[in-house]
Amino acid sequence: MTPWAQYVVGGLAAGSLYALVALGIVLLYRSSRVLNFAHGEMATLATFVAFTLIGRAVPFGVAVAVGLAVSALVGAAFYFVVIRPAKEGTLLGKIVMTLGLALLLGGAVQVVWGTETQIFPFPLSDTRVYRLGAVVVSEIHLGTIGAGLALMTALFVLVHHTGVGLAMRAVAQNPAAAQALGIPARRIYALTWGLASALGGAAGVLLAPVVYLDPFMMLDPFLKGFAAAVMGGMDSLPGAVVGGLLLGVGEVLFAGYVSFKFKTTLAFALIVLVLLVRPEGLLGHEYRRRV
Amino acid sequence: MMMLRTLALVGLAVSVLATAAVSQPAERGVTATEILLGTTMPMSGPAAFWGTGVSGGIEAWLRSINEQGGIHGRRLRLVVKDDAYLPPRAVANTRELVERDGVFALVSSLGTANVFAMRDYVLESQTLWITPLAGADIWAGLRHKKYLFVTYPSYIEEGILLTSYAAEHLKTKTIAVFYQNDLYGQQGVLGVKRGVARVKGVKLVAQVSYEVTDVEVTAQALKLKESGADTLVLYATPRHGAMIVREIAKVGYRPTLVSTFTLLDPVMFTLGGDAWNDVYLTSYIAPPGTGDARVDNVLAVITRINPALARNPFNAVAGVSFVEAFLEGLRRAGPTVTKDRVVAAMETIRNWDGEVIRGVTFGPDRRQGTNRFAIYKAEGGRYRRLTDWYAYPTRF
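Residues numbered from 1 in each chain as written. Chains lettered and ligands numbered in written order. Predicted model: local features only at pLDDT ≥ 70, side-chain atom pairs only at ≥ 80, totals over all residues. Heavy atoms only, no water.

Draft legend 1. Molecular detail of helix α4 (residues 91-113) of chain A. An ideal rise of 1.5 Å per residue puts 33 Å on 23 residues; α4(A) measures up with 33 Å between its terminal C-alpha atoms. By the burial criterion, the buried members of α4(A) are Lys94(A), Ile95(A), Thr98(A), Leu101(A), Ala102(A), Leu105(A), Gly106(A) and Val109(A). (Helix = DSSP H or I, 4+ residues; strand = E, 2+ residues; numbered from the N terminus. Expected span 1.5 Å × (residues − 1). Buried < 20%, exposed > 50% of the residue type's maximum accessible area, 1.4 Å probe, protein only.)

Encoded structure:
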């Protein structure tokens, strides 16, 4: 019998990636109410840029940093070039624009890098394992969980304990008032777009060594991240983390003890269940405030 | 006066149309200089690795034939449409190819579930259909398949062979199957079940599935380990196949690995790493690099035309094997190309060897051109042939 703890470890590894994806989605949603459908494609772009640089003998850390920077720049540029000029447009219109960006980026990645499955070189091994009693943890799972937690903590500190974070929260709550107080709202928005895209990129880089690199690798993780965000509460950063981890663990336990065939369905069943009981999401506030 | 002019115009129109009808080429998709072929393939999505390799192989092979002057002076052109491995898109692409592009023949089309979805439409449209890449059992018992010719093997027969080979030569007592939850994987499972029913002393202890969209298979690996099966059979995409062998290695489960030929491409050594050593697979053709000089030569020809195929050598060469018999049919049909002449010519193919595919036989009542497998083993980054050909009964 496989110990349940083994399932939980596997679920946490997947869940921390869902949480990273969800954080990017939530960060952007909180500040601008835009649901970014290009989140997955930005992540793929970052990962492919890093992959190319690693192939040219650039050190891993530098390559990943450049990859994340590229996706952050694309995110910020998208805000300045498309979203900002369309400020009079409806929210739905902006969301559709992100869909357009998703198609554009997806196509570009396919043209430039091809559709073949590639190996993403990663400094951690996925076959070296550590044993904790009956539970086996691979180096890469530990790394994924660790990196995920570190990034989440960094984001939390940034948003809640720095001046920039304060400005981000102010702009999110009341853009007009924030601007009147001298906060450069446009730059803060662009920063948020960039940061959210880079977070997605980080998730991509952590996913690629496990799921292999191809232009479509973020399709499913994006959906799961979105599900996690809705479950945790679209306006809550801790909610995104809780949602991601719960979804990851829930999925693996469900597959292990109930059924593989309905594993993907579980994500959506969970959303329905959570929203029935708490329409604002597990840790969200928005719904109550609006009421 | 008006009446007269109208009549004259109508008469003119009728005569123009009639002339056009007479001077039109006799066959759709065929001109004096070209034969148009079409296919729908997963050029994106989870099975893109198969689609790009197979379609790339076919295209490069057709180009090499065109370079030598084509067939009876006609060049062959292939239209490839991307279906992302989604059956509804495969059907839509096929309708476009037949109704709008007007192809002479459909070649291949990849994915058992996709082919199954488009099957009725293509058979009813009476379009020449050359080797759809689907477990061959979906054709057995069907009528109205005059225009269908298949040189693709049967997953069910493959599952039976893998099971009985494992029982006889690999000391297998308990089997688990890791399979794709669609018609492709289910046919593999069915084959293993039939194999288990035939061989004494072997039990099927676990059937663990994944969805094509799954990006991780942690729970599946744990479930397989829990089953404790001494042999694991794989019916998956290259990506999921590689993921599961790495994942079970991570959790310390090391069964004897047995796999369908669809995972035979050497890319598996890269994707699966060390975990892809000592895997037993079938193949219905000699894979490149296993001592068949003609196959190696085909690979050299197609990689000269498209160097990217070197990353995908087995799938590319398999692509060639899917169209060779058809090209032979075109040669035998002579310079006047019609569907029925090609069908009649292909029906004369008996025990015919191409460059890659061997021993192909068609006939008025036979559309299953190939019915054999040999067992190969993955060893140190190469494949080695272990057995002679096993033939299985033809069913259509």
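Draft legend 2. Seen up close, the pairing of strand β8 (residues 231-235) of chain B. All names here are of chain B. In terms of residue burial, β8 counts as a mostly covered element, since five of its five residues are buried. Of the two faces of β8, both are covered, the one formed by Thr231, Val233 and Tyr235 as well as the one formed by Leu232 and Leu234. By the bridge criterion, five bridges tie strand β6 (residues 174-180) to β8 in an arrangement that is parallel. Paired with Tyr179 across the bridge in β8 is Tyr235. With four bridges joining them, β8 and strand β9 (residues 256-259) adopt parallel strand pairing. The partner of Leu234 across the bridge, within β9, is Ser259. (Pairing = 2+ DSSP bridges.)

Draft legend 3. Just the packing of helix α11 (residues 313-333) of chain B against helix α12 (residues 339-346) of chain B, in detail. Residue and element names in this part refer to chain B. Where α11 contacts α12, the two axes come as close as 8 Å, and the packing angle between them is 110°. If you check the angle between α11 and α12, you find them roughly perpendicular. Contacts between α11 and α12 involve Ala325, Phe326, Gly329, Leu330, Arg332 and Ala333 from the former and Arg341, Val342, Ala345 and Met346 from the latter. (Axes fitted to C-alpha atoms, helices over the stretch in contact; angles between N-to-C directions. Parallel < 35°, antiparallel > 145°, perpendicular 65-115°, else oblique. Contact = heavy atoms within 4.5 Å.)

Draft legend 4. Summary view of the environment of Leu45(A). Residues and elements named next belong to chain A. Note that Leu45 resides in helix α2 (residues 39-55). According to the relative accessible area criterion, Leu45 is buried, its value standing at 11%. In contact with Leu45, other than residues within four places in its own chain, are Val70, Val74, Leu105, Val109 and Trp113.

Draft legend 5. Representation of a nonpolar patch on the surface within the structure. Residues and elements named next belong to chain A. The grouping of Trp4, Tyr257 and Val258 at the surface amounts to a nonpolar patch, some 380 Å² of accessible area in total. Residue placement: Trp4 occurs in helix α1 (residues 4-32). Look at Trp4 and you get exposed, because its relative accessible area is 58%. (Patch = residues over 30% accessible without salt bridge, like charges linked within 9 Å, V, L, I, M, F, W, Y side chains within 5 Å. Areas by Shrake-Rupley, 256 points an atom, 1.4 Å probe, with all protein chains shown as cover. Salt bridge = Lys/Arg side-chain N within 4 Å of Asp/Glu carboxyl O.)

Draft legend 6. The arrangement of the packing of aromatic side chains in detail. Residues and elements named next belong to chain B. Summed over all chains, the structure comprises 29 aromatic pairs over all chains. Relative to Tyr155, the ring of Tyr152 lies with its centre 5.9 Å away and its plane at 85°, an arrangement referred to as edge-to-face. Plain terms: the ring middles of Tyr155 and Phe261 are 6.2 Å apart, the flat faces sit at 25° to each other, and that makes the pair stacked. Residue Tyr155 is found in helix α5 (residues 155-169), and its partner Phe261 is found in the loop between β9 and α9 (267-272); the two are separated by 106 residues along the sequence. (Phe/Tyr/Trp six-rings, centres within 6.5 Å; stacked < 30°, edge-to-face > 60°.)

Draft legend 7. Highlighting the confidence of the model for chain B. All names here are of chain B. When pLDDT is averaged along chain B, the result is 91, and 93% of the positions lie at 70 or above. Within the model, the stretch residues 20-24 combines pLDDT values under 50 with zero contacts to residues more than four positions away or in other chains. This prediction of the complex comes with two scores: 0.84 for pTM and 0.78 for ipTM. (pLDDT = per-residue confidence, 0-100.)

Draft legend 8. Structural context of the pairing of strand β2 (residues 135-138) of chain A. All names here are of chain A. Every second residue of β2 is oriented toward a common face, with Val135 and Val137 on one face and Val136 and Ser138 on the other, all of them buried. Sheet topology places strand β1 (residues 129-132) next to β2; four bridges connect them, and they run antiparallel. Bridge pairing in β2 places Val129 opposite Ser138. If you look at the hairpin formed by β1 and β2, you'll find two residues sitting between the two strands, and Gly133 has a positive phi there, around 65°.

Draft legend 9. Structural view of the interface of chain A and chain B. Each side of the interface is counted separately: chain A has 37 residues, and chain B has 33 residues. Of the roughly 3100 Å² buried where chain A meets chain B, counting both sides, 55% is carbon and sulfur surface. The interface formed by chain A and chain B holds two salt bridges in total. Residue Arg239(B) is joined to Asp214(A) by a salt bridge in which the shortest nitrogen-to-oxygen separation is 2.3 Å. Taken together, the connections running from chain A to chain B amount to six residue pairs in polar contact (both at pLDDT 80 or more). In terms of residue count, the dominant contributor to the side of chain A that touches chain B is α1(A) (five residues). (Buried area = accessible area lost by both parts, 1.4 Å probe. Polar contact = N/O pair within 3.5 Å; in protein donor to acceptor, adjacent residues only side chain to side chain.)

Draft legend 10. Spotlight on the side chain of Ser209(B). With respect to the helices, strands and loops of the structure, Ser209(B) is situated in strand β7 (residues 203-210). What makes Ser209(B) buried here is its relative accessible area of 3%. Setting aside residues no more than four positions away along its own chain, Ser209(B) makes contact with Phe260(A), Lys261(A), Tyr179(B), Asn181(B) and Gln220(B).

Draft legend 11. Representation of unusual backbone geometry. For Tyr212(A), which is not a glycine, the phi torsion comes out positive at approximately 75°. Locating Tyr212(A) in the fold gives a position in the loop between α8 (185-211) and α9 (219-232). Tyr212(A) sits in the buried class, given a relative accessible area of 1%. At Asn351(B), a residue that is not glycine, the phi angle is positive and equals roughly 45°. Positionally, Asn351(B) belongs in the loop between α12 and β11 (372-379).

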